[in-house]
Amino acid sequence: MATESSEGEEEGKITGGNLVLAVDDDLCEMGKKAVWSVSSCKPGNGVSSLRDDNLDTYWQSDGAQPHLVNVQFQKKVKLQMVALYVDFKLDESYTPSKISIRAGDGFHNLKEIKTVELVKPAGWIPISLSGNDPRETFVNTFMLQIAVLSNHLNGRDTHVRQIKVYGPRLNPFPHQPFQFTSTEFITYSCVR
Amino acid sequence: MEAILVDCVQSSLRHFMYRNAIFMCERLCAEFPSEVNLQLLAGCYLQNNKAYCAYHILKGTQMPQSRYLFAISCFQMDLLKEAESALCSANEPGAEVPNGAAGHYLLGLIYRYTDRKKGAILHFKQALSIDPLLWAAYEELCSLGSAEEAAAVFGEAAAVSIHKQYLPNGFPPQNADMSSEDHNVISARRSMDDVSSRQLKQMLGNNARDVAGSYHGTTASSQSSGQPLNGGSSQLSLYNTPSPVATQSLQLSGAAPPPPCRNMHPNGPNLSALGADSSPRSTVNSTIQAPRRKFVDEGKLRKISGRLFSDSGPRRSTRLAGDAATNATTNVTSVAGNGASNSSKHLGSLKPSSAALRAVTVRKGQSWASENSDEGVRNEVTDDSRFNPTLANCSCPSGDNRTFDQEGASMPVAGPVLTIARVLTGTAEVLGLLRLFGEAYRLSCMYRCQDALDIYSRLPHRHYNTGWVLSQVGKAYFELVDYMEADQAFNLARRASPYSLEGMDIYSTVLYHLKEDMKLSYLAQELIATDRLASQSWCAMGNCYSLQKDHETALKNFQRVVQLDSKFAYAHTLCGHEYVSLEDFENGIKSYQTALRVDARHYNAWYGLGMVYLRQEKYEFSEHHFHMALEINPCSSVIMSYLGTALHALKRSEKALMMMEKAILADRKNPLPMYQKANILISLEKLDEALEVLEELKEYAPRESSVYALMGKIYKSRNMHAQAMLHFGLALDLKPSATDVATIKAEIEKLHVPDEVEDCL
């Protein structure tokens, strides 16, 4: 997994990847509430292939680097993790190698929050967005931008097969300052 | 030739050979077109679940029995307006509703589903007054929230009217349908009230009488009173009176003494067969068991003829076998659609029994009664058949319905002596049982669950250990939020009747609350294997997925339930819950409102709406909805605590605190109201009191991280840093969710700031 330095921007090398994406129970996928767009694409391999839950279809860019995937939400959301599915064995020179994740209110004030470098990845790559500070477990933002800065073997265009964005699950019981953990509380806290 | 054809049709129906029956009947109608034959054909179709066929052939007919059958087909096809106009045409407001109690019951259902609650209540009450053993009508009244006390409904007046049914001519030993409970089925015939006794002799005696007289005397005249057919007799009588009905009933009876029955059936043609009856009588005596079965069959057959309780029958699985039995007898009498009003009554009663059987573990073969009594309508037959299998499963004490055929002769039950004494004791027994059940059911519908449980525990063991009662007990525990007990009760219910799906949706919710995912998935798989088209199976499946937090699949499953049965309010509520978990509030609100349209007393839907508005911060709406939920179910501490939260959000904190106190008192085991109380006190700046409450709460739920976190916050605002640190630490140890970890750690950091400043310096 990526190593993190204590500074804000850091570089870490990630090798390999998981075949199955294992996500914590208290995370839920937030991508459905967002508008997804890409900087460029080849006809037939557009942005919908990024969100179709099908690992055989992929997005192929068709322009100059860096290639961008923009995820825009209607209201500020807390995000904790981004997961990418890329495969060196299938995509070779199209496989992204350097990825930068930026967040902000819109295109005008995006700020880089994470950089990772992939080395021959094959499978799901989870990228955590948390900082070291416990106050920075989540990134509270309107927009997320995933930028592919360079590819393996110096390829020009990139293939990404799937992207998922995760944030914390809402407290199922409104108006509580903290979520409940014990069975007694949870059993009594709702009527089904 | 007509008689032969009629006979053939009825025998086919009795044996459930529907294709044969339909073909023969169509030939009959082509050869001898008459309305009575049309009724027989309609009955065949309805038994075969082809309501649309019956609808078309009966359109425009005027005879009361035809109108009744037509109404049933319309109801099944969901054409409620036509059904209603068939039963009580607008042109003749004073006309009598065909089939008495059964007709009123059907009208009540129609009114209920077209949102005319008052009219529905009126009709159900009418039905009950005509036929006090019509348990299904009482059930509907309970679920509409306006049932009178069981003691009143199943009291003196009821006894009197049952006596009249069984002793129409005063004291002739008519078939007392009063087969209390068990005998209900046959009861029509058997004035034996010894339900328990199921005495063959009675049957024997009754048979003769039943056939002839039981059916309210009138039938007696039609039939040779001497008919020995026990089970059959009752049926016979039913059948005899109206010839078409009779024939139908014969089919139902399939009972052993078919010949006698058949003879009996056509009033005209086979009276000679009566003689044959005597023989069955002797046979009856020999096999008590056999007769029972026959009775059951008869009941079923009967049912078919008159009642066409096709929907009510199967639906009312809860027609306790026991109750049904009693009802059956009454129902039968009410059935009297065709001509012989008496007979129908018997049928009616039988029907309920069959229904009961179906529903619950057959309680002692009462089912037969229900089945038997059913109107000669063939429809009943189908019901019966349904019951029969159930009966078969349940160890019916008395033979199964399945042995319809045997019934006539074998069931001496109805047959034997319908003495007045028997009638009286029988009525008393049946009504006594119904009183218990009725009161318990009424209380559980009013959500006075503890009282309901007390009454259920007073039931005799043989009734208590049946699927229906056990699942009602489970439901009562569920409402009391005592999920462990509910789990146990439902488990026993599953073991008592593994084929019964009634109440299994609540069981799946109980397992959901207990977070038993293995048990829940096992239950769901079993239910689906039992019946893929039942709404409860898919509810269980949906709950299974919801427990694993796969809300989308859960939603799909619940939508399937809605497709299968749009009148199932709980399915809509569960859909609503899933939409809310997916944060799709608009659809959630729509689902909850649909649930409320189906059943305005479904407090879960009111609660769901309250929660949605709470989340959307529309506190006024939220408070109103929680209030409505609380009115329906005044004992639920969960609803009280949420109502308090809504009041607090509306800044009515005094009332909010009072509500919390009420909730704490209502259920000591519920930790939530105390926690909410502490929250409110904190926002009112009464930190000490809040701390006290939280300390108390710690005793109840020592492993709840949010309690420690909240205490930590209080200590922090009091600047008692050491305590705060301690509590935050404890909270973190108990593994809260990621968001909370972040919040708590942030709080800790803030605590440390003064120290850090010192360190840096």
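Quick caveat: nothing in here was measured; it's all calculated off a predicted structure.

Let's talk about the overall build of chain A
Looking only at helices and strands, chain A features two helices and 12 strands. When the elements of chain A are put in sequence order from the N terminus, they spell out β-β-β-β-β-β-α-β-β-β-β-β-β-α. Scored against the burial criterion, the 192 residues of chain A give a buried share of 53%. Taking as baseline every contact in chain A between residues at least 6 positions apart, the subset at least 24 positions apart corresponds to 76%. Put simply, chain A shows about 8900 Å² of open surface, and 50% of that area lies on carbon and sulfur atoms.

Some thoughts on helix 33 (residues 535-547) of chain B
All names here are of chain B. Relative to the 18 Å expected for 13 residues at 1.5 Å per residue, helix 33 spans 18 Å between its end C-alpha atoms, a close match to the ideal helical length. For helix 33, every residue scored as buried is listed here: Ser-535, Gln-536, Ser-537, Trp-538, Cys-539, Ala-540, Met-541, Gly-542, Asn-543, Cys-544, Ser-546 and Leu-547. Just downstream of helix 33 lies Lys-549, where phi reads positive at about 65 degrees.

Regarding the environment of B:Arg19
Residue and element names in this part refer to chain B. Along the polypeptide, Arg-19 turns up in helix 2 (residues 18-31). Residue class for Arg-19 comes out exposed when judged on its relative accessible area of 74%. Residues Arg-19 and Val-9, spaced 10 residues apart in sequence, show a C-alpha to C-alpha distance of 10.0 Å.

Focus on the pattern of salt bridges
Scanning the model with the defined rule gives 24 salt bridges over all chains in all. Notably, a salt bridge pairs A:Arg161 with A:Asp91, separated by 3.0 Å at the nearest N-O pair. Of this pair, A:Arg161 sits in the loop between strand 11 (159-160) and strand 12 (162-168) while A:Asp91 sits in helix 1 (residues 88-91); the two residues are 70 residues apart in sequence, bridging distant segments of the chain. The buried category is assigned to A:Asp91, whose relative accessible area is 4%. A salt bridge links B:Lys677 to B:Glu661, with the nearest nitrogen and oxygen atoms 2.6 Å apart. Linking B:Lys677 in helix 41 (residues 672-683) with B:Glu661 in helix 40 (residues 653-666), this pair joins segments that are 16 residues apart in sequence. Through salt bridges with shared partners, one network takes in A:Asp62, A:Arg156 and A:Asp157.

Details of the sheet that holds strand 6 (residues 81-87) of chain A
All names here are of chain A. As summarised here, the arrangement of the four strands in space is 2-12-6-9, forming an open sheet in which the pairing is antiparallel. Edge strands, defined here as strands with exactly one partner in the open sheet, are strand 2 (27-29) and strand 9 (122-128). Each strand axis lies, on average, 25 degrees off the axis of its neighbour in the sheet, ignoring direction. Two elements, strand 2 and strand 12, share three bridges in a ladder whose sense is antiparallel. Bridge assignment links Cys-28 to a residue of strand 12, and that residue is Gly-167.

Observations regarding the packing of helix 6 (residues 80-87) of chain B against helix 7 (residues 100-113) of chain B
Residue and element names in this part refer to chain B. Contact geometry for helix 6 and helix 7: axes closest at 10 Å, N-to-C directions at 145 degrees. Crossing geometry of helix 6 relative to helix 7 is assigned as left-handed. Contacts between helix 6 and helix 7 pair Leu-80, Ala-83, Glu-84 and Leu-87 from the former with Gly-103, Leu-106, Leu-107, Ile-110, Tyr-111 and Tyr-113 from the latter.

Here we look at the nonpolar core
Residues and elements named next belong to chain B. By size, the foremost hydrophobic cluster in this structure holds 85 residues, and its most contacted members are Tyr-105, Leu-106, Phe-124, Trp-135, Tyr-138, Phe-154 and Tyr-456. The biggest single contributor to this core is helix 26 (residues 420-445), with 11 residues. Grouped together as the second largest cluster of nonpolar side chains are 69 residues, Met-611, Leu-657, Ile-664 and Leu-694 included.

Describing the UniProt feature "repeat: TPR" (unreviewed entry) in chain B
Using the residue numbers shown here, the UniProt feature "repeat: TPR" (unreviewed entry) corresponds to residues 101-134, 535-568, 569-602, 603-636 and 705-738 of chain B. Between the C-alpha atoms that bound residues 101-134 of chain B the distance is 8 Å, and the span itself is 79% helix and 0% strand.

A closer look at the confidence of the model for chain B
Residues and elements named next belong to chain B. Across chain B, the average pLDDT comes to 72, with 65% of residues at 70 or higher. Counting interchain partners and residues more than four positions distant, the pLDDT-below-50 stretch residues 171-414 has 1324 contacts. Confidence estimates for the predicted assembly give a pTM of 0.70 and an ipTM of 0.77.

Concerning empty space enclosed by the protein
The gaps of empty space that remain are located by a probe, the size of a water molecule, rolled over the atoms. Taken as a whole and judged by the stated rule, the model has one cavity of 30 Å³ or more. Looking at side-chain class alone, the lining of the largest cavity contains seven nonpolar, three polar and two charged residues.

Things to note about the pairing of strand 7 (residues 96-104) of chain A
Residues and elements named next belong to chain A. The buried fraction of strand 7 is high, at eight of nine residues. Note: strand 7 against strand 10 (residues 139-151), eight bridges, orientation antiparallel. Its bridge partner being in strand 10, Gly-104 is matched across the sheet by Met-143. As judged from the six bridges shared by strand 7 and strand 8 (residues 111-119), these two strands associate in the antiparallel manner. Looking across to strand 8, one finds that Ala-103 is bridged to Lys-111. The hairpin formed by strand 7 and strand 8 contains six residues between the paired strands.

Examining the interface of chain B and chain A
Each partner contributes residues to the interface: chain B has 62 residues there, and chain A has 34 residues. Across the chain B to chain A interface the summed buried area is about 4000 Å²; carbon plus sulfur atoms make up 60%. Here chain B and chain A share three salt bridges between them. For the pair chain B and chain A, the number of links is 11 residue pairs in polar contact (both at pLDDT 80 or more). Element by element, the count of residues in the side of chain B that touches chain A is highest for helix 45 (residues 738-760) of chain B, at nine residues. A breakdown of the residues in the side of chain B that touches chain A according to their chemical character gives 31 nonpolar, 16 polar and 15 charged.

Regarding the packing of aromatic side chains
A complete count under the given rule lists 22 aromatic pairs over all chains for this structure. Between A:Phe185 and B:Tyr675, the aromatic rings sit 5.7 Å apart at their centres with planes inclined by 90 degrees, giving edge-to-face as the arrangement. Here A:Phe185 is found in helix 2 (residues 183-188), whereas its partner B:Tyr675 is found in helix 41 on a different chain. For A:Phe185, a relative accessible area of 0% corresponds to the buried category.

Regarding the sheet that holds strand 3 (residues 34-38) of chain A
Residue and element names in this part refer to chain A. Pairing is mixed in the open sheet, where six strands are placed in the order 1-8-7-10-5-3. Bordering the open sheet on either side are strand 1 (13-15) and strand 3, each of which pairs with just one other strand. Neighbour to neighbour, the strand axes of the sheet diverge by 20 degrees on average, direction disregarded. The pairing of strand 3 with strand 5 (residues 67-79) spans five bridges and is antiparallel.

Concerning the packing of helix 1 (residues 2-14) of chain B against helix 3 (residues 35-47) of chain B
All names here are of chain B. One way to put it is that helix 1 packs onto helix 3 with a least axis distance of 11 Å and a crossing angle of 20 degrees. Relative to helix 3, the element helix 1 lies roughly parallel. Two packed elements cross with a definite hand, and for helix 1 against helix 3 that hand is left-handed. Residues Glu-2, Val-6, Val-9, Gln-10 and Leu-13 of helix 1 pack against Asn-37, Leu-40 and Cys-44 of helix 3.

Quick notes on the pairing of strand 5 of chain A
Pairing geometry for strand 5 of chain A and strand 10 of chain A, over nine bridges, is antiparallel. Bridge assignment links A:Leu68 to a residue of strand 10 of chain A, and that residue is A:Ala147.

Digging into unusual backbone geometry
Residue and element names in this part refer to chain A. Of note, the amide linkage connecting Gln-65 to Pro-66 takes the cis form, showing an omega dihedral of 0 degrees. Structurally, the position occupied by Pro-66 is in the loop between strand 4 (59-60) and strand 5. A positive phi angle is found at Glu-92, which is not glycine, with a value near 45 degrees. Note on placement: Glu-92 falls in the loop between helix 1 and strand 7.

Rules used throughout
- Residues numbered from 1 in each chain as written.
- Chains lettered and ligands numbered in written order.
- Predicted model: local features only at pLDDT ≥ 70, side-chain atom pairs only at ≥ 80, totals over all residues.
- Heavy atoms only, no water.
- Helix = DSSP H or I, 4+ residues; strand = E, 2+ residues; numbered from the N terminus.
- Buried < 20%, exposed > 50% of the residue type's maximum accessible area, 1.4 Å probe, protein only.
- Contact = heavy atoms within 4.5 Å.
- Areas by Shrake-Rupley, 256 points an atom, 1.4 Å probe, with all protein chains shown as cover.
- Expected span 1.5 Å × (residues − 1).
- Salt bridge = Lys/Arg side-chain N within 4 Å of Asp/Glu carboxyl O.
- Pairing = 2+ DSSP bridges.
- Axes fitted to C-alpha atoms, helices over the stretch in contact; angles between N-to-C directions.
- Left-handed = near helix turned anticlockwise from the far one by under 90°.
- Core = buried A, V, L, I, M, F, W, Y, C linked by side-chain atoms within 4.5 Å.
- UniProt positions renumbered as here; feature names shortened; annotations may be inferred.
- pLDDT = per-residue confidence, 0-100.
- 1 Å grid on protein atoms, 1.4 Å probe; cavity = no way out; pocket = protein on both sides within 12 Å on 5 of 7 lines; lining within 4 Å.
- Points joined across faces, edges and corners; volume = space filled by probe spheres on them.
- Nonpolar A, V, L, I, M, F, W, Y, C, P; charged D, E, K, R; others polar.
- Buried area = accessible area lost by both parts, 1.4 Å probe.
- Polar contact = N/O pair within 3.5 Å; in protein donor to acceptor, adjacent residues only side chain to side chain.
- Phe/Tyr/Trp six-rings, centres within 6.5 Å; stacked < 30°, edge-to-face > 60°.
- Parallel < 35°, antiparallel > 145°, perpendicular 65-115°, else oblique.

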